[in-house]
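Structural characterization, general
Here are the chains, one letter per residue:
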Amino acid sequence: MIVPAAFFALFFAYPVTAIVGRGLKAEGAWQFGRIGEVLSRPDILDVLWFTTWQALASTALTLLIALPGAYVFARFDFPGKQVLRAVVTVPFVLPTVVVGTAFLALLGRGGLLDELWGVRLDTTVWAILLAHVFFNYAVVVRTVGGLWSQLDPRQEEAARVLGAGRFAAFRRVTLPALAPAVAAAALMVFLFTFTSFGVVQILGGPAYSTLEVEIYRQTAQLLDLPTAAVLTLVQFAAVGGILAVHAATVRRRERALKLVDPAQTSRRPRGAGQWALLGGVLLTALLLILLPLGVLVERSFDGPGGYGFGYYEALQSVGAGGSSTFLVPPLEAVGNSLRYALVATLIALVIGGLAAAALTRRAGRLVRGFDALLMLPLGVSAVTVGFGFLITLDKPPLDLRTSWILVPLAQALVGVPFVVRTMLPVLRAVDDRLREAAAVLGASPLRAWREVDLPLVRRAVLVAAGFAFAVSLGEFGATVFIARPDNPTLPVAVARLLGRSGELNYGQAMALSTILMLVCAVSLLLLERIRTDRSGEF
């Protein structure tokens, strides 16, 4: 636990505490009265209200649209199922900047709806809600569908034999078993939408602001650190409560159910109703997921002179078309992002692997508290972390403000929770008697790990690496503060291009977003192949 604890203390707790302290301290004394002052402001109350209700609305809409998909993936076998499962998961690993850009191409000025019917939905709450459903659809399908596929269908069949109708059997047998998974998925969707930044920043315009967007505005634009510090504490408290409820829900699900092999529960659709349900889910995936991504790709090729590679060619030069957005060619952001993501993945694997190994020991309250600490970067404002890096890591021996390593460190903070959550169940499933047998035969703890644990968790390590790479590649909230102008990452480059007027800047943003989407999609498809390889399934 020493290395992961030191890593989080130095690169997470220290920067966050410093930025909050700087906002709430005056002349060396804490000014807690500022909390009441900030929270009583009408504009801040509006932000808190909008953040909460849009998260609730996004969660309800996501459940309504995604639960039929969860049932289809759980119970039906059909051609292309694995490919479609990977496709609907692509939005979740996409950077939020790309999600916002895709919906801007679909719903914004000059977008598909604008061209066909003269309708624009950007700068409206509907664009935000639809983008959140797009982003979180896979959370419900994976979480609920994964459990649904392992529920024994004979229990519901027995209820129907005893006289219950189809709906009554579902309500009284299946739904109670699914409730923990539905609750866990809903809490995760609420968490992601409550802390939404890139989507609201791009689609919401000045009229809509979540806590995360307001923290960024107060910090980067208004330099109002007291307000930003108070909002960070509010977000921290809210997210802490969400994570606590989520942890309790997961524990309930793990101990309450007896599961079966998913291969025993899925079959081809039967009857017109089931085929209609499958068709509806496929149509939803087409309109909600494939259409925004397709429009994004189409806009990247649609130049002033017709379709071509003009926007992609413009990425190779500085100041194309009179733009001074970058000090280097925008295409260099691709190489920068790949290098940063690889280093961040390596850091996340080392820190997350050590943390997961420590958590397998179940050593009481200390370990449970350590487990909660690892999840905090998912809920604390990434903007706060990024700005905290700038004001804390500026003195020897840790003067890193001008160092390239600062970006991978910030990205690794977000990647570690994914590594831990991927590796921990597999490590806990390793039989302790195997390690004990290796020790009896004279193996040291390190050799026992290498000879016993590592072969069993190798695929879990690859899956964890894939998730950490995709998440690091798309990190935006912290990176927007610390990425240097001469070494931008892909999400930062896209945001900068969208922030400037002009058709060329817009087209280059679409081209860069398409490149980033393809890199993430390839990573995910490789991940899916590893996860579904029956030769070494875990």
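Residues numbered from 1 in each chain as written. Predicted model: local features only at pLDDT ≥ 70, side-chain atom pairs only at ≥ 80, totals over all residues. Heavy atoms only, no water.

**Thoughts on the overall build of the chain**
Looking only at helices and strands, one finds 23 helices and 6 strands in the chain. With 538 residues in all, the chain has 51% of them scored as buried. Contacts in the chain between residues far apart in sequence, at least 24 positions, make up 78% of those at least 6 positions apart. (Helix = DSSP H or I, 4+ residues; strand = E, 2+ residues; numbered from the N terminus. Buried < 20%, exposed > 50% of the residue type's maximum accessible area, 1.4 Å probe, protein only. Contact = heavy atoms within 4.5 Å.)

**Brief notes about the packing of aromatic side chains**
Scanning the model with the defined rule gives 15 aromatic pairs in all. Between the aromatic rings of Phe7 and Phe11, the centroid separation amounts to 5.3 Å while the plane-to-plane angle is 55°, which identifies the pairing as tilted. Taken together, the residues Phe7 and Phe11, both in helix α1 (residues 2-24) and 4 residues apart, mark about one turn of the helix. By the burial criterion, Phe7 is buried, and Phe11 matches it. Measuring from centroid to centroid gives 5.8 Å for Phe50 and Trp53, while their planes differ by 85°, and the two rings are edge-to-face. (Phe/Tyr/Trp six-rings, centres within 6.5 Å; stacked < 30°, edge-to-face > 60°.)

**Side note on a nonpolar patch on the surface**
On the surface, Ile2, Val3, Leu346, Val350 and Leu354 cluster together into a nonpolar patch covering about 490 Å² of accessible area. Elements with a minimum of two residues in the nonpolar patch: α1 and α15 (332-359). The element contributing the most residues to the nonpolar patch is α15, with 3 residues. Following the sequence through the fold, Ile2 ends up in helix α1. (Patch = residues over 30% accessible without salt bridge, like charges linked within 9 Å, V, L, I, M, F, W, Y side chains within 5 Å. Areas by Shrake-Rupley, 256 points an atom, 1.4 Å probe, with all protein chains shown as cover. Salt bridge = Lys/Arg side-chain N within 4 Å of Asp/Glu carboxyl O.)

**Concerning the packing of helix α3 (residues 42-75) against helix α7 (residues 125-148)**
The geometry of α3 relative to α7 is characterised by a closest axis approach of 6 Å and an angle of 45° between their N-to-C directions. Put simply, α3 runs oblique to α7. Note that α3 runs across α7; the crossing there is right-handed. When its residues are assigned to classes, the contact of α3 with α7 shows 21 nonpolar, 7 polar and 1 charged. (Axes fitted to C-alpha atoms, helices over the stretch in contact; angles between N-to-C directions. Parallel < 35°, antiparallel > 145°, perpendicular 65-115°, else oblique. Left-handed = near helix turned anticlockwise from the far one by under 90°. Nonpolar A, V, L, I, M, F, W, Y, C, P; charged D, E, K, R; others polar.)

**A short note on the pattern of salt bridges**
On inspection of all chains with the given rule, the structure shows 5 salt bridges. Note that Asp43 is salt-bridged to Arg41, the shortest N-O span being 3.0 Å. On the basis of relative accessibility, which here comes to 35%, the residue Asp43 falls in the partly exposed class. Judged by its relative accessible area of 25%, Arg41 falls in the partly exposed class. A salt bridge links Glu298 to Arg299; its shortest N-O distance comes to 2.2 Å.

**Brief notes about the environment of Trp275**
Secondary-structure assignment places Trp275 in helix α13 (residues 271-301). Overall, Trp275 belongs to the partly exposed group, its relative accessible area being 42%. Spatially, the C-alpha atoms of Trp275 and Val72 are 10.0 Å apart, while their sequence positions differ by 203 residues. Look past the residues within four positions of Trp275 in its chain and what remains in contact with it is Arg268, Pro269 and Arg270.

**What to know about the environment of Arg75**
Of note, Arg75 is situated in helix α3. Between the alpha carbons of Arg75 and Arg268 there is a distance of 8.2 Å; along the sequence they are 193 residues apart. A polar atom in the side chain of Arg75 sits 3.2 Å from the backbone oxygen of Trp148. (Polar contact = N/O pair within 3.5 Å; in protein donor to acceptor, adjacent residues only side chain to side chain.)

**Describing the environment of Leu504**
Mapped onto the elements, Leu504 comes out in helix α23 (residues 503-531). Sequence separation of Leu504 and Pro304 is 200 residues, and the distance between their C-alpha atoms is 8.9 Å.

**Things to note about helix α5 (residues 96-107)**
The terminal C-alpha atoms of α5, which comprises 12 residues, lie 16 Å apart, in line with the 16 Å expected from a rise of 1.5 Å per residue. Of all 12 residues in α5, 11 are buried, a share of seventy percent or more. For α5, the full list of buried residues reads Val97, Val98, Val99, Gly100, Thr101, Ala102, Phe103, Leu104, Ala105, Leu106 and Leu107. (Expected span 1.5 Å × (residues − 1).)

**Things to note about the packing of α15 against helix α22 (residues 490-498)**
Put simply, α15 and α22 touch, their axes get as near as 8 Å, and they point 145° apart. Two secondary-structure elements touch here, α15 through Ala333, Val334 and Ser337 and α22 through Leu490, Pro491 and Ala493. The residue makeup of the contact of α15 with α22, split by class, is 5 nonpolar, 1 polar and no charged.

**Focus: the side chain of Gln218**
Take Gln218: it is sitting in helix α11 (residues 211-221). In this structure Gln218 comes out as buried when scored by relative accessible area, which is 1%. With near-sequence residues (within four places) excluded, Gln218 lies in contact with Arg41, Leu223, Asp224, Thr227 and Ala228.

**Observations concerning the confidence of the model for the chain**
When the pLDDT values of the chain are averaged, the result is 81; 89% of them are 70 or greater. The secondary structure element of the chain with the lowest average pLDDT is helix α16 (residues 365-375), at 69, and the one with the highest is α3, at 92. Here residues 534-538 is a poorly scored stretch, pLDDT under 50, and it has 7 contacts once near neighbours within four places are set aside; other chains count. (pLDDT = per-residue confidence, 0-100.)

**Section: α7**
Counted at 1.5 Å a residue, the expected span for α7 with its 24 residues is 34 Å, and the 32 Å between its end C-alpha atoms agrees. Of all the bends in α7, the greatest, near 45°, is centred on Asn136. (Bend = angle between axes of the 7 residues up to and from the residue.)

**Quick look at the nonpolar core**
Core analysis: the largest hydrophobic core is formed by 164 residues, its most contacted members being Phe7, Leu94, Val144, Leu374 and Phe389. If one sorts the elements of this core by residue count, α7 sits on top with 16 residues. Discounting residues that sit within four places of it in the chain, Leu374 has contacts with Phe8, Ala355, Leu359, Val416, Pro417 and Val420. (Core = buried A, V, L, I, M, F, W, Y, C linked by side-chain atoms within 4.5 Å.)

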